[in-house]
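Here's the letter readout for the chains.
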Amino acid sequence: MSISIPVNSAFTKDEIAKFRVETTGTRNVIHLNNAGSGLMPDVVTQAQVDHIHLESQIGGYEAAALNADIIMGFYEQCGILLNTKARNIAFTSSATDAYTRALSSIPFESGDVILTDRDDFVSNQIQFLSLKKRLGVQIVHIANEVNGGVDPGDLKDKLYKHRPKLLSITHIPTNSGLVQPVGEVGKIYHEYLQHDYEKTWYILDACQSAGQMKLDVQNLHCDFMSFSCRKFLRGPRGTGALFISDRALQGGLEPMFIDMRGAEWKEKDRYDQQPDAKRFEDWDFAYSTVLGTKSAIEYCSAIGEEKIWQQVKLLSGITRQRLKEMDRVHTMDRGPELAVLVTFHVEGSDPVYIVQELLRRKINGQ
Ligand SMILES: Cc1ncc(COP(=O)(O)O)c(C=O)c1O
């Protein structure tokens, strides 16, 4: 296949050709469905296959013991990715799993406020409603700016007014290219915490941003960050991760259903929490997926998140422009900054039909 690259491409023709060779799925499909699940590089597939094979040969627990050092590499690599330590990372089975572990650790009481944005992920909002039904929490939404994205002034007002138990922001929503101004959100939150508002916790849902751009938890000032590893990180399905800050660990937060990995049962009536992020994990994992995820993070880091971000913005910008030039097609993305999720609407056409027609042409979309 001959490759043409746009002006200002972050990668040379040869680099792109190499990436394509390293991901054999690119021979079969044009994969535009990274917001659903990315196409895994072959090294990611191989890491899983090798471990499953080892399990079949010597036993599951024995294979995990033999590969213990490589498995630890997942935590180290993920720590490097987010600019934190391995001890602040928990492996989970999805972004939702990561998010609910964090959410369940917050000691909500009746009347507590959850402050959130208007473009938050649907499952997060359902969970808030469930907490409202069970515990009587209140849900308050931050206003948007005229051009989309949270209004920092309104965020500040509502933080100081409501002193919420939880601030929850989705970095890049599922259904649009919007990128929330999380740098500014983090600054406002950090300053607010200096005023002794010890009871507020901040979860950042970075499900769609991990792998698209550099995420530095030291600058983002979140207490928790959740994401899945199958999307822009291009890891396997069934994988996610949760960053837990030292503030949350030292504050004693623990998931509601902590298990024997997260805690040690010391006496009949007492257990001790693990001091690190293991507190948020369960005993059993599909270790092949942990190893696949480690490989995917290494692959992403070797390319460099800054370059990836430059390229995804370039390509999505070109895609939006070309769509706009087409008859009856309207792009829907609004916000101060746009990421790679391109959303469009074709007048008089059913979205299911469009997805099916794309599939018939071996183009994966959603
Ligand atoms: C913004 C956002 N948050 C969370 C999720 C949930 O991710 P998972 O399916 O890994 O639970 C998604 C899924 O698309 C998402 O787009």
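In what follows, the accompanying structure is described. All of these numbers come straight from a predicted model, not from anything done at the bench. (Residues numbered from 1 in each chain as written. Predicted model: local features only at pLDDT ≥ 70, side-chain atom pairs only at ≥ 80, totals over all residues. Heavy atoms only, no water.)

### Focus on the overall build of the protein chain
Here is step 1 of the chain: What the protein chain contains, in helices and strands, is 13 helices and 13 strands.
Here is step 2 of the chain: For the protein chain, the spread of C-alpha atoms along the principal axes amounts to about 65 × 60 × 35 Å.
Here is step 3 of the chain: Counting the 366 residues in the protein chain, one finds 49% classified as buried.
Here is step 4 of the chain: Restricting the contact set of the protein chain to residue pairs at least 6 apart, pairs at least 24 apart contribute 65%.
Here is step 5 of the chain: For the protein chain, the centre of its 41 positive side-chain charges and the centre of its 47 negative side-chain charges are spaced 4 Å apart. (Helix = DSSP H or I, 4+ residues; strand = E, 2+ residues; numbered from the N terminus. Buried < 20%, exposed > 50% of the residue type's maximum accessible area, 1.4 Å probe, protein only. Contact = heavy atoms within 4.5 Å. Lys, Arg positive; Asp, Glu negative; His and termini not counted. Charge placed at Lys NZ, Arg CZ, Asp CG, Glu CD.)

### A look at the sheet that holds strand β6 (residues 201-205)
Here is step 1 of the chain: If you walk across this open sheet you meet the seven strands as β2-β8-β7-β6-β5-β3-β4, and the pairing is mixed. Two strands close off the open sheet at either side, each with one partner strand: β2 (89-92) and β4 (138-141). Averaged over all adjacent pairs, the angle separating strand axes in this sheet is 20°, with direction ignored.
Here is step 2 of the chain: As judged from the four bridges shared by β2 and strand β8 (residues 240-244), these two strands associate in the antiparallel manner. Across the sheet, the residue bridging to Ile89 is Phe243, located in β8.
Here is step 3 of the chain: Contacts from helix α5 (residues 95-104) reach β2, β5 (166-170), β6, β7 (224-228) and β8 within the one sheet, and its direction differs from that of β7 by about 160°. (Pairing = 2+ DSSP bridges. Axes fitted to C-alpha atoms, helices over the stretch in contact; angles between N-to-C directions.)

### Regarding the site of the ligand
Here is step 1 of the chain: Within the structure, the ligand sits among 13 residues, and Thr96, Thr174, Asp205, Gln208 and Arg230 are positioned closest to it.
Here is step 2 of the chain: A distance of 2.5 Å separates an oxygen atom of the ligand from a polar atom in the side chain of Thr96.
Here is step 3 of the chain: Here an oxygen atom of the ligand sits 2.8 Å away from a polar atom, N or O, in the side chain of Arg230.
Here is step 4 of the chain: For the ligand, the protein covers 88% of the area, taking 390 Å² as the surface of the free molecule.
Here is step 5 of the chain: Looking at the shell around the ligand residue by residue, the class counts come to four nonpolar, six polar and three charged. (Near = heavy atom within 4 Å. Polar contact = N/O pair within 3.5 Å; in protein donor to acceptor, adjacent residues only side chain to side chain. Areas by Shrake-Rupley, 256 points an atom, 1.4 Å probe, with all protein chains shown as cover. Nonpolar A, V, L, I, M, F, W, Y, C, P; charged D, E, K, R; others polar.)

### Description of the packing of helix α2 (residues 42-58) against helix α11 (residues 287-303)
Here is step 1 of the chain: One way to put it is that α2 packs onto α11 with a least axis distance of 8 Å and a crossing angle of 155°. On the basis of the axis angle, α2 is roughly antiparallel to α11. In this structure, α2 crosses over α11, and the sense of that crossing is right-handed. Every residue of α11 that contacts α2 at Val43, Val44, Ala47, Gln48, His51 and Ile52 is listed here: Tyr287, Ser288, Thr289, Leu291, Gly292, Ser295, Ala296 and Tyr299. (Parallel < 35°, antiparallel > 145°, perpendicular 65-115°, else oblique. Left-handed = near helix turned anticlockwise from the far one by under 90°.)

### Some thoughts on the layout of surface pockets
Here is step 1 of the chain: The calculated volume of the second largest pocket comes to roughly 500 Å³.
Here is step 2 of the chain: If you trace the second largest pocket, you find 21 residues lining it, with Thr100, Leu103, Ser104, Met256 and Phe257 closest to the centre.
Here is step 3 of the chain: Elements with a minimum of two residues in the lining of the second largest pocket: α5 and α6 (122-135).
Here is step 4 of the chain: Along the lines of polarity and charge, the residues of the lining of the second largest pocket split into 10 nonpolar, six polar and five charged. (1 Å grid on protein atoms, 1.4 Å probe; cavity = no way out; pocket = protein on both sides within 12 Å on 5 of 7 lines; lining within 4 Å. Points joined across faces, edges and corners; volume = space filled by probe spheres on them.)

### Notes on a nonpolar patch on the surface
Here is step 1 of the chain: Together, Tyr61, Met260 and Trp283 give the surface a local cluster of nonpolar side chains, amounting to about 390 Å² of exposed area.
Here is step 2 of the chain: Positionally, Tyr61 belongs in helix α3 (residues 60-66). (Patch = residues over 30% accessible without salt bridge, like charges linked within 9 Å, V, L, I, M, F, W, Y side chains within 5 Å. Salt bridge = Lys/Arg side-chain N within 4 Å of Asp/Glu carboxyl O.)

### A few points about helix α8 (residues 182-193)
Here is step 1 of the chain: Relative to the 16 Å expected for 12 residues at 1.5 Å per residue, α8 spans 16 Å between its end C-alpha atoms, a close match to the ideal helical length.
Here is step 2 of the chain: Here α8 has its buried residues at Val182, Val185, Gly186, Ile188, Tyr189, Tyr192 and Leu193. The buried residues of α8 all sit within an arc of 165° when viewed along its axis, so they share a single face.
Here is step 3 of the chain: Buried positions along α8 lie against α7 (152-162), β5, β6, α9 (217-220) and α10 (246-250). (Expected span 1.5 Å × (residues − 1). Arc of directions from axis to C-beta.)

### Topic: the pattern of salt bridges
Here is step 1 of the chain: Taken as a whole and assessed by the stated rule, the structure comprises 19 salt bridges.
Here is step 2 of the chain: Of the charged contacts in the structure, one is a salt bridge between Asp333 and Arg320, with a shortest N-O distance of 2.7 Å. One end of the pair, Asp333, is in the loop between β11 (329-331) and β12 (344-346); the other, Arg320, is in helix α12 (residues 305-324), with 13 residues separating them in the sequence. Both residues of the pair, Asp333 and Arg320, count as buried.
Here is step 3 of the chain: Salt-bridge contacts for Glu357 lead to Arg360; the nearest nitrogen and oxygen are separated by 2.8 Å. In this pair, Glu357 and Arg360 both sit in helix α13 (residues 351-360), three residues apart, roughly one turn of the helix.
Here is step 4 of the chain: Judged by its relative accessible area of 61%, Arg360 is exposed.
Here is step 5 of the chain: Because the salt bridges share partners, they merge into one network encompassing Lys85, Arg87 and Asp246.

### Side note on the nonpolar core
Here is step 1 of the chain: Phe74, Leu82, Leu167, Ile169, Tyr202, Met225 and Phe227 are the most contacted members of the largest nonpolar core, which totals 60 residues.
Here is step 2 of the chain: With seven residues, the single largest contributor to this core is α11.
Here is step 3 of the chain: Apart from the residues lying within four places of it in its own chain, the contact partners of Leu82 are Ile89, Leu215, Asp216, Val217, Met225, Phe227 and Phe243.
Here is step 4 of the chain: Ranked by size, the runner-up nonpolar core spans 22 residues in total, among them Leu103, Phe224, Leu249 and Phe280. (Core = buried A, V, L, I, M, F, W, Y, C linked by side-chain atoms within 4.5 Å.)

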